[in-house]
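# Commentary on secondary and tertiary structure
Now for the letters of each chain:
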Amino acid sequence: MTSVIEFFTSLGSTIFSSLDLIGVYVILALGLNLINGMAGMFSIGHAGFWAVGAYTAAAITVHDPLSTPWPVTLALSIIAAIAVTGFAGLVLALPCSRLAGDYLAIATLGFSIIVVSLLYNLDFVGAATGLSTPTYVSKGFIWLMVALSLLFYYRLQYSNLGRTILALREDEIAAQSIGVNRVRLKILVLVLGAGMAGLAGALFANSATYINPAGFEFDQSIKILTMVVLGGLGSLTGVVLAAVLLTLLPEVLRLVNLADYQMLVFSVLLIVMVLVRPQGILGRKELWDLPLLRRYWRPSGPLRVALGSVEVKS
Amino acid sequence: MSEFLQFLINGLAVGSMYALIALGYTMVYGIIQLINFAHGEFMMMGAFVGAFTLNRLQGTPLAVALVISMLAAGLLAVLVELVAYRPLRRQPKIFVLTAAIAVSVLLQNLGRIVFGSSAVSFPAQFPQGSIGLESLGVWVEYSQLFVLGLSLVLMAALWLIVHKTKIGAAMRATSQDIDAARLMGINTNLVISFTFFIGASLAGAVGVFYGMQYSVDPLMGVQPGLAAFVAAVLGGIGSLPGAMIGGLLIGIIENLVAGYLSSTYQGAITFVLLILVLSIKPTGLLGRMAPVKV
């Protein structure tokens, strides 16, 4: 009995101390959900964008090239991280947006592997040892940014642009026939999704005491992908819930001494989800479908966004 | 000049292995339009089976170990296709791609748990050494000769299977139009399984070649897998001669870059090549773009 109580107390303190990390992963998962879920593209190198954001922000806060007071430096680092990461998304999207979706997958996979291998060799960002970073942001600030990202995602989904993205996902040819610019839209989606990863990177670099290349290995991309697939591609509530649960999963595994098996768990979870429940844990349900909220909160727009929640044509 | 020739020879030896892996990617892509991310892991599994056979069963001839490795990798691929890919064939593409990447991570981690994360080495198979061509100042290692020679044999065998046998004709028909092939009475499920088997057994053979020259570890499939994929795209995905040419080219370019610039950027160069090919000629050297019909 005492051991059960102990387990839950340590779980509670783990959850509290992971709050900043949970926030970072929620933003990462939202960014990937935008690309893979809302737009139905397939990026599997999200940790690469995250790394670019984190290292851009860290390079600015650590080297402080303009010698500005710290709040200005922080703001600069966040803006630069979003801009540079968005640009990386643009560079990847340009050659891939005209091609079948699979090429984007391999390009992002290659990108994330190359970014990490370069970081291991770049001396001015500390190579393999990484960088000690100042901790400018609090948990409160991170969650403020999470709230803004959620608002952004929600508003985007029900905007004209969001509906156009959904139309393109459901049928490229039909969407193009009514004047949707496929190439431009796909580039925009990747830039936005990468930009969100850049924000997450800046928040991570400014809240963790140090960052190193090992923290952005390909495993991280798989974790973020699992969050999106577990939550349901395109589902907003599901993906946020999955991001929270899966950020805690490695910590829980560590408590029960199974840390070595975490990637095994993530990969099995991915396979089981796509085979058994491709629409995600919540399926077609969103937060605003709760009976209590339903009377006051009706989004105006396409109501069923989750991929796989629509009948599949054969 | 002799330096350049030496890089060229090393590049050919590595490139022939990339070519064999690229053939598997391109065959699977040609038949079900799927990038099989787990393909590099079939190579890793082949390497472990080969190392296990040679280390535990002392005195096994290399040829026998090679065949066992190829069979093991091939059967694993058939199993993966049956369990994880086939049920998703009619679903949106993103689900089967997700399954493929998940299988890749799963196999890496199973490898790590079952075999341990430390590298395993192959028992020495050949007398160490090399043939020197004094006049050119170039050395060819015995193992490089072996790999080059056997790669050519395997490619020739593949060509014979695809072009001179009944199942090969079925494979070509299925890759042209899977529905029409089924209407003609071809068992397309069997053809797909067979394609996975052949592709992965080539990767398994490469695993043994790789293990003989370097060492065997659970993550060994990642880098060659990526390089071979780029090779398949460079040659034109879906084209068998394209995959062979692409593999050799990537091997040579990597070795020239590593030799003249720095080996640190070897992986980065592969990636830059991929982006260049996709920007300039996405159909690759020998590929053709299929028009989308409604």
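Above: the structure in question.
Let me sum up the structure you'll find in this document. (Residues numbered from 1 in each chain as written. Chains lettered and ligands numbered in written order. Predicted model: local features only at pLDDT ≥ 70, side-chain atom pairs only at ≥ 80, totals over all residues. Heavy atoms only, no water.)

## With respect to the interface of chain A and chain B
Threshold: Should any heavy atoms of two residues lie within 4.5 Å, those residues are considered in contact. What counts as buried area is the accessible surface, traced by a 1.4 Å probe, that two parts surrender upon association, with contributions from both included. We define a salt bridge as a side-chain nitrogen of Lys or Arg found within 4 Å of a carboxyl oxygen belonging to Asp or Glu. Each polar contact in these results corresponds to two N or O atoms within 3.5 Å; when the atoms are within protein, one needs to be able to donate a hydrogen and the other to accept it, and residues that are neighboring in sequence are counted only if both atoms are side-chain atoms. Every helix listed is a DSSP run of H or I at least four residues long, and every strand listed is a run of E at least two residues long, numbered separately from the N terminus. Each residue is assigned to one class: nonpolar for Ala, Val, Leu, Ile, Met, Phe, Trp, Tyr, Cys and Pro, charged for Asp, Glu, Lys and Arg, and polar for all the others, Gly among them.
Listed per partner, the contact involves 43 residues of chain A and 44 residues of chain B. Together chain A and chain B conceal approximately 3,700 Å² of surface at their shared face, both sides included; 83% is due to carbon and sulfur atoms. Per-residue buried area on chain A facing chain B is highest for Asp102, Tyr103 and Ile106 of chain A; these three make up 17% of the total on that side. The tally of links from chain A across to chain B stands at 0 salt bridges. Where chain A packs against chain B, one counts 1 residue pair in polar contact (both at pLDDT 80 or more). Only helix H4 (70-96), helix H5 (101-119), helix H10 (218-231) and helix H12 (262-276) of chain A provide two or more residues apiece to the side of chain A that touches chain B. Take the side of chain A that touches chain B: its biggest share by element is 11 residues, from H5 of chain A. In terms of residue class, the side of chain A that touches chain B is made up of 33 nonpolar, 7 polar and 3 charged.

## Details of the packing of aromatic side chains
All names here are of chain B. Put simply, the rule is: Side-chain rings of Phe, Tyr and Trp, where Trp is taken by its six-membered ring, are said to pair if the distance between their centres is within 6.5 Å; with planes under 30 degrees apart they count as stacked, over 60 as edge-to-face, and otherwise as tilted. Note on exposure labels: buried denotes an accessible area under 20% of the residue type's maximum, exposed denotes more than 50%, and partly exposed covers the range between, all computed with a 1.4 Å probe on protein chains only.
Summed over all chains, the structure comprises 15 aromatic pairs over all chains. Both rings, one in Tyr25 and one in Phe229, keep their centres 5.5 Å apart while their planes meet at 75 degrees; by these two values the pair is edge-to-face. Of this pair, Tyr25 sits in helix H1 (residues 2-32) while Phe229 sits in helix H9 (residues 222-235), placing them 204 residues apart in sequence. Phe229 carries the same exposure label as Tyr25, and that label is buried. Judged by centre distance (4.0 Å) and plane angle (5 degrees), the ring pair of Phe48 and Phe115 falls under stacked.

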